[in-house]
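Examining the three-dimensional arrangement
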Amino acid sequence: MVIFLYGPDTVRLREHLHKLTTRFIEERDPSGMNVTTLDATSASASELMEVMMAVPFLASRRMVIVRGVCDAEDDIQEWITGRLERFRTDDDVVIFVHGDKLDAKNALAKLLAKEQYAIAFATPEGDALHSWIVRRVTELGGTIAVDAVAHLASALPDDMPMLGNRLHQLALAADGAMITREDAVALVPEPAGDVVFALMDAVVKRDHATALQLLEQQWQFRGDAQQLFGMLVRQFRIMADLISYTEANPDAKESDIAKSLSLHPYVVKKTRSLMRGITRDSIARSVDALLTIDEKIKRGAGQMPELLAVFIREQ
């Protein structure tokens, strides 16, 4: 029997895997001696074959959990592909786990996704994410205000492990009381990066009115023009790094880009969405203009809000 669990929502994926493992032990293997987990990205081909072809010990079935199957070496993926039909008809339960989106070019991933017991765990969005937050807090024995749900969904939209961890902390701290927006903001601050992405999006689209409005809102909210200026410079430099990296590695996945550039996957995803039609030269001109602003500020030749407003209008 083959089961394939995959997708970026590793919280729900792990929970489902735990349920399957617990049920198997209760019904088939009280000793727990016939449940084996291995990582296909670090195990050798011979180790993998030995584990997957072993016979049960004092039980009728075994459960083998193979993590990282779609990121394993080619020889391992080829061997698994050649044995899939046998795994399907075997009494043993083989669970392949891939805690990320599938690579459309990966032949084994495409095969496993078609299995009868393939289950995708996509990151919930919109109302589904709001419902997930409420349900998780309820499972933890708490309640949460609607505006607190909205804040957490906005602040951590693509990081389910972190969101689950923060909900656990909030429920413990609330100790039976309703989790308020103030509680949520105290633990998970307003996502400053999202403001920068929105501002950058408006600048790139030459939507001057929206960009200037966002700029004004940030002066009033933060009162720190230099901090926002630094964030804008950093964002342009990230865009330049992304262009260089993707030119050299056109088939790279977002997770690989994030790891290579030491960026959060969410930052990579959001930044790439801004870059349609953007060239290396246009980024370089923008960075030069921002550095000119910095020099003027240091010479006392202007104020940051006014100079940034001029920068936006000239984009």
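For the structure given in this document, a descriptive report is provided here. Because the structure is predicted, anything quoted here is derived from the model rather than measured.

Cut-offs and rules
- Residues numbered from 1 in each chain as written.
- Predicted model: local features only at pLDDT ≥ 70, side-chain atom pairs only at ≥ 80, totals over all residues.
- Heavy atoms only, no water.
- Axes fitted to C-alpha atoms, helices over the stretch in contact; angles between N-to-C directions.
- Helix = DSSP H or I, 4+ residues; strand = E, 2+ residues; numbered from the N terminus.
- Parallel < 35°, antiparallel > 145°, perpendicular 65-115°, else oblique.
- Left-handed = near helix turned anticlockwise from the far one by under 90°.
- Contact = heavy atoms within 4.5 Å.
- Nonpolar A, V, L, I, M, F, W, Y, C, P; charged D, E, K, R; others polar.
- Pairing = 2+ DSSP bridges.
- Phe/Tyr/Trp six-rings, centres within 6.5 Å; stacked < 30°, edge-to-face > 60°.
- Buried < 20%, exposed > 50% of the residue type's maximum accessible area, 1.4 Å probe, protein only.

**Topic: the packing of helix α5 (residues 126-139) against helix α7 (residues 160-174)**
Here α5 crosses α7 at 40 degrees, and the two axes come no closer than 10 Å. When the axis of α5 is compared with that of α7, the two are oblique. Taken as a pair, α5 and α7 cross one another with a handedness that is right-handed. Contact residues: α5 offers Leu129, Trp132, Ile133, Arg136 and Val137, while α7 offers Met160, Leu163, Gly164 and Leu167. Looking at side-chain class alone, the contact of α5 with α7 contains seven nonpolar, one polar and one charged residues.

**Observations concerning the sheet that holds strand β1 (residues 2-6)**
One open sheet accounts for five strands, arranged β2-β3-β4-β1-β5; its pairing is parallel. Among the strands making up the open sheet, the edge pair consists of β2 (35-39) and β5 (117-120). Strand-to-strand twist in this sheet, taken as the mean axis angle between neighbours without regard to direction, amounts to 15 degrees. Judged from the five bridges that link them, β2 and strand β3 (residues 63-67) form a sheet pairing that is parallel. In the sheet register, Thr36 faces β3, and the bridge partner there is Val64. Helix α2 (residues 45-52) rests against β2, β3 and β4 (93-98) of the sheet, and its axis sits at about 155 degrees to β3.

**Regarding the packing of aromatic side chains**
Scanning the entire structure with this criterion turns up four aromatic pairs. Seen in terms of ring centroids, Phe4 and Tyr6 are 4.8 Å apart; in terms of plane orientation they differ by 20 degrees. Their pairing is stacked. Judged by relative accessible area, which is 0%, Phe4 ranks as buried. Take Tyr6: its relative accessible area is 16%, and that puts it in the buried class. Judged by centre distance (6.3 Å) and plane angle (90 degrees), the ring pair of Phe236 and Phe311 falls under edge-to-face. Of the two residues, Phe236 is situated in helix α11 (residues 225-248) and Phe311 in helix α15 (residues 304-314); the sequence distance between them amounts to 75 residues. Neither Phe236 nor Phe311 differs from the other in exposure class; each is buried.

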